[in-house]
Amino acid sequence: VLQCADQHVLEPDLIRKVMSHVLETDREQRDQQGRQYTPAEEALKVELLRLATILAQYAHNELTDHRREFIKFAWSHLRSESKTVQLWGYITICRFIDVYDTPSKIIV
């Protein structure tokens, strides 16, 4: 549980729902559609990547069970046509590498 000033900010159930209903669904839709996104959709992608980065930074213990889904989500955005989405994908992956033990062959 992520806490701030003795208050629960994120319960494990909420993190599980975010991972399974928001981030995983976004990755599946991206894989299936194979189309360019509108500017509003690109902005949403950036915000989802920012959310993932913040979760990795502040709730990485709670995300341990969802590491595979997390890295798949971030990795899927590296092929985006949008340079902004690509860069946020790299930032999210860097945060992942920073907080979790990652094999050296992945880092290189």
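Just above sits the structure.
Quick caveat: nothing in here was measured; it's all calculated off a predicted structure. Per chain, residue numbering runs from 1 following the sequence as it is written. In view of the model being predicted, local features appear only for residues whose pLDDT reaches at least 70, and side-chain atom pairs are presented and counted only at 80 or more, with totals across whole chains, interfaces and linings using the full set of residues. The side-chain quantities take in all heavy atoms of the structure and omit both hydrogens and water.

### Quick notes on the pattern of salt bridges
Short version of the rule: We define a salt bridge as a contact between a side-chain nitrogen of Lys or Arg and a carboxyl oxygen of Asp or Glu at a distance within 4 Å. Helix numbering and strand numbering both begin at the N terminus, where a helix is a DSSP run of H or I of at least 4 residues and a strand a DSSP run of E of at least 2. Remark: exposure states derive from per-residue accessible area (1.4 Å probe, protein chains only) relative to the maximum for the residue type, with buried under 20%, exposed over 50%, and partly exposed in between.
This model, assessed by the stated rule, comprises 2 salt bridges. With a shortest N-O distance of 3.3 Å, Glu47 and Arg50 are connected by a salt bridge. Of this pair, Glu47 and Arg50 both sit in helix α2 (residues 39–58), 3 residues apart, roughly one helical turn. Residue classification places Glu47 among the partly exposed positions, given a relative accessible area of 42%. Here Asp98 makes a salt bridge to Arg95, at a shortest N to O gap of 3.2 Å. A residue pair is termed a helical-turn pair when its members lie 3 or 4 positions apart in one helix, as Asp98 and Arg95 do in helix α4 (residues 83–99) at 3 residues. On the basis of relative accessibility, which here comes to 56%, the residue Asp98 falls in the exposed class.

### Observations regarding the packing of helix α3 (residues 67–76) against α4
Each pair of packed helices can be described by the angle between their axes along with the distance between the axes. Applied cut-off: Each axis is a line fitted through C-alpha atoms, and for a helix only the stretch in contact is used; angles between axes span 0 to 180 degrees, taken between their N-to-C directions. Note on terminology: angles under 35 degrees are roughly parallel, angles over 145 are roughly antiparallel, angles of 65 to 115 are roughly perpendicular, and the others are oblique. Left-handed describes a crossing whose near helix is turned anticlockwise from the far helix by less than a right angle; the clockwise case is right-handed. Any two residues whose heavy atoms approach within 4.5 Å are treated as being in contact.
Interhelical geometry of α3 versus α4 gives an angle of 155° and a closest axis separation of 8 Å. In terms of orientation, α3 and α4 fall into the roughly antiparallel class. Considering how the two elements wind past one another, α3 and α4 form a crossing that is left-handed. The segment α3 lies against α4, with Arg67, Phe70, Ile71, Ala74 and Trp75 engaging Gly89, Thr92, Ile93 and Phe96.

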